Amino acid sequence: FGFIKSCSDPRILTFLQSLEYIELPFINTETEKPEDITKKILKANQKDFLLSGHPGSGKSISIHKLFQVFSGLDKNTLADVKKVLQKNKAVPMLINLKSCTFETIENLIRNRQNDYKVRNGNLGFIYLLDGLDELSADKADHVLSYLYELEKDDNTKKIILSCRSGNLNKVKVKTYFKDITEYKIHDLTKDHIDKYFAGKNEPSKKKLLEKLTSKNQKLLSEIKDVLLIKLLWDTVEILNENSTILDLLDKKIKLLINEPQYKKNIDELNLLNPKENKIIELNKEISFHFQKRFQFRLTQKEIQKIILTKHPRIDYEAANEILNYIATLFFDGYSSPTPDEPDNSTFV
């Protein structure tokens with residue numbers, strides 16, 4: 001039980017049990033048919049599975065949902081958790097692969113299993129590995145090579161990977177696991193939008209959604225993933241019959257920049273006015289670099305270089321302040337440097 005708890009993220013588990021969580025639809029990429037992946041994965045004789053989707057489509061949440069179900073953490077008592085583990089004949093282990101930026105996958109698995117004394121026994125394991133797209137090509141090869149060997153172990157019951165659809169590392173997966181079954185997050189519908197708004201339990205926004213639905217069906221029909229549903233929730237008060245998807249993105253960025261707790265910070269940045277435009281231009285440049293590399297992870301040095309190239313007259317202190325501001329508002333995560341690589345912190 002301690003081992004399972006060490007793999008879990010309490011914040012995400014709380015979200016999974018809330019009314020805000022919506023079940024995402026998956027299709028088998030071979031049959032193009034919707035499937036209940038939880039049941040399919042557990043019942044399948046094969047070991048290898050891949051979950052794919054566009055950025056912001058909910059891959060990480062889906063991996064955590066599988067972990068919650070396979071571990072029995074959706075049950076109310078330890079006795080019920082035990083029944084789930086006995087039925088599955090395996091203990092799930094969830095690993096965020098961005099950790100492999102600074103540590104090898106074998107060490108991550110070995111050390112955590114040794115810490116809880118669950119290694120070298122007769123326990124079966126279900127390995128859930130989130131975020132293959134966050135690794136460089138070399139790191140991804142190392143991870144996949146190790147998993148290829150790990151699959152041969154009798155104690156390995158399942159290996160489940162998540163990766164962004166357009167990432168080159170997804171192509172690598174199928175060179176190591178030729179018979180892997182891929183499930184892709186399918187487009188969401190208006191029903192999913194309604195469920196999300198209902199779960200938030202704010203009647204005023206629900207009424208605004210109804211009003212927008214009657215006036216702008218085209219916009220609602222183009223909202224097909226969780227990221228856009230969240231943006232719709234954030235911006236529904238300022239949308240109208242002429243709004244488009246680009247308006248959602250534009251209004252969300254302006255809302256962030258103009259929020260009171262951040263407005264003061266942008267005024268202090270060493271940038272020419274209007275500073276909001278300079279921040280947006282920098283974000284476009286950073287996004288371009290992300291896309292060129294087919295990744296969503298850049299090192300601190302790379303982003304600092306982009307800032308200094310774009311604004312050559314500023315000093316290092318100003319560049320660091322701009323990076324901190326952008327990271328706070330627009331980046332999803334940060335990996336700290338290690339003693340071995342003190343200059344190798346990264347942003348996602």
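Cut-offs used in this document
Residues numbered from 1 in each chain as written. Predicted model: local features only at pLDDT ≥ 70, side-chain atom pairs only at ≥ 80, totals over all residues. Heavy atoms only, no water. Salt bridge = Lys/Arg side-chain N within 4 Å of Asp/Glu carboxyl O. Buried < 20%, exposed > 50% of the residue type's maximum accessible area, 1.4 Å probe, protein only. Helix = DSSP H or I, 4+ residues; strand = E, 2+ residues; numbered from the N terminus. Phe/Tyr/Trp six-rings, centres within 6.5 Å; stacked < 30°, edge-to-face > 60°. Disulfide = S-S within 2.5 Å. Expected span 1.5 Å × (residues − 1). Arc of directions from axis to C-beta. Contact = heavy atoms within 4.5 Å. Pairing = 2+ DSSP bridges. Axes fitted to C-alpha atoms, helices over the stretch in contact; angles between N-to-C directions. Core = buried A, V, L, I, M, F, W, Y, C linked by side-chain atoms within 4.5 Å.

### Focus: the pattern of salt bridges
1) Next: Summed over the entire model, instances satisfying the criterion amount to 10 salt bridges.
2) Next: Here Asp-9 ties to Arg-11 by a salt bridge, and the two come within 3.9 Å at their closest N and O atoms.
3) Next: We classify Asp-9 as partly exposed; its relative accessible area is 24%.
4) Next: Owing to a relative accessible area of 62%, Arg-11 belongs among the exposed residues under this scheme.
5) Next: A salt bridge links Lys-172 to Asp-141; the shortest N-O distance between them is 3.0 Å. Here Lys-172, found in helix 8 (residues 168-176), pairs with Asp-141, found in helix 7 (residues 137-150); they are 31 residues apart in sequence, far enough to count as distant.
6) Next: For Asp-141, a relative accessible area of 25% translates into the label partly exposed.

### Comments concerning the packing of aromatic side chains
The description of an aromatic ring pair uses the distance of the two centres, along with the angle that the planes make with each other.
1) Next: Applying the stated criterion across every chain, the model contains nine aromatic pairs.
2) Next: With 6.4 Å between their ring centres and 80° between their planes, Tyr-196 and Trp-233 make a pair best called edge-to-face. Taken together, the positions of Tyr-196 in helix 9 (residues 190-200) and Trp-233 in helix 12 (residues 226-235) put the pair 37 residues apart, joining distant regions of the chain. Taken as a pair, Tyr-196 and Trp-233 share a single burial class, namely buried.
3) Next: In textbook terms, an aromatic cluster arises when at least three aromatic residues are bridged by ring pairs, as seen for Phe-3, Tyr-116, Phe-125 and Tyr-127.

### Some details on the state of the cysteines
1) Next: If you walk through the whole model with that rule in mind, you get zero disulfides.
2) Next: For the unlinked cysteine Cys-163, the closest cysteine sulfur is that of Cys-100, found at 13 Å.
3) Next: You can call Cys-163 buried: its relative accessible area is 0%.

### Some details on unusual backbone geometry
1) Next: Cis geometry is adopted by the peptide bond preceding Pro-274, which originates at Asn-273 and carries an omega value of -5°.
2) Next: Among the secondary structure elements, Pro-274 is positioned in the loop between helix 14 (260-267) and helix 15 (275-292).
3) Next: Positive phi values are uncommon outside glycine, yet Lys-117 reaches one of about 55°.
4) Next: With respect to the helices and strands, the residue Lys-117 is situated in the loop between helix 6 (105-115) and strand 5 (125-130).
5) Next: Assessed through its relative accessible area of 74%, Lys-117 is described here as exposed.

### Thoughts on helix 10 (residues 203-215)
1) Next: Across its 13 residues, helix 10 extends 19 Å between first and last C-alpha, which sits within 8% of the 18 Å expected from 1.5 Å per residue.
2) Next: Every buried residue belonging to helix 10 is among Lys-205, Leu-209, Leu-212 and Thr-213, and all of these are buried. On an axial view of helix 10, the arc spanned by its buried residues comes to 105°, and they lie on one face. Exposed and oriented more than 90 degrees from the buried face of helix 10 are Pro-203, Lys-207 and Ser-214.
3) Next: Residues of helix 10 that are buried sit in contact with helix 9, helix 11 (217-221) and helix 12.

### Considering the sheet that holds strand 7 (residues 181-185)
1) Next: Judged by pairing direction, the sheet is mixed, and its seven strands sit side by side in the order 2-1-7-3-6-5-4 without closing on themselves. The two strands at the open ends of the sheet, each matched to only one other strand, are strand 2 (33-34) and strand 4 (91-96).
2) Next: The sheet contact formed by strand 4 and strand 5 spans six bridges and is parallel. Bridge pairing in strand 5 places Met-93 opposite Tyr-127.
3) Next: The sheet contacts of helix 4 (residues 59-71) involve strand 1 (26-28), strand 3 (48-53), strand 4, strand 5, strand 6 (156-164) and strand 7, and relative to strand 5 the element is tilted by about 165°.
4) Next: Most of the contacts of helix 6 go to strand 4, to which it runs at about 135°, and overall it touches strand 4 and strand 5.

### So, the nonpolar core
1) Next: Membership of the largest hydrophobic core comes to 69 residues, with the highest contact counts inside it found for Leu-97, Ile-160 and Leu-232.
2) Next: With residues near it in sequence (within four places) discarded, Leu-97 still touches Ile-105, Leu-129, Asp-130, Gly-131, Leu-132, Leu-135, Val-143 and Leu-161.
3) Next: Among the nonpolar cores identified, the runner-up in size contains 24 residues, and Ile-257, Ile-286, Ile-314 and Ile-322 belong to it.

Spatial relationships are all this shows, so hold off on functional conclusions.
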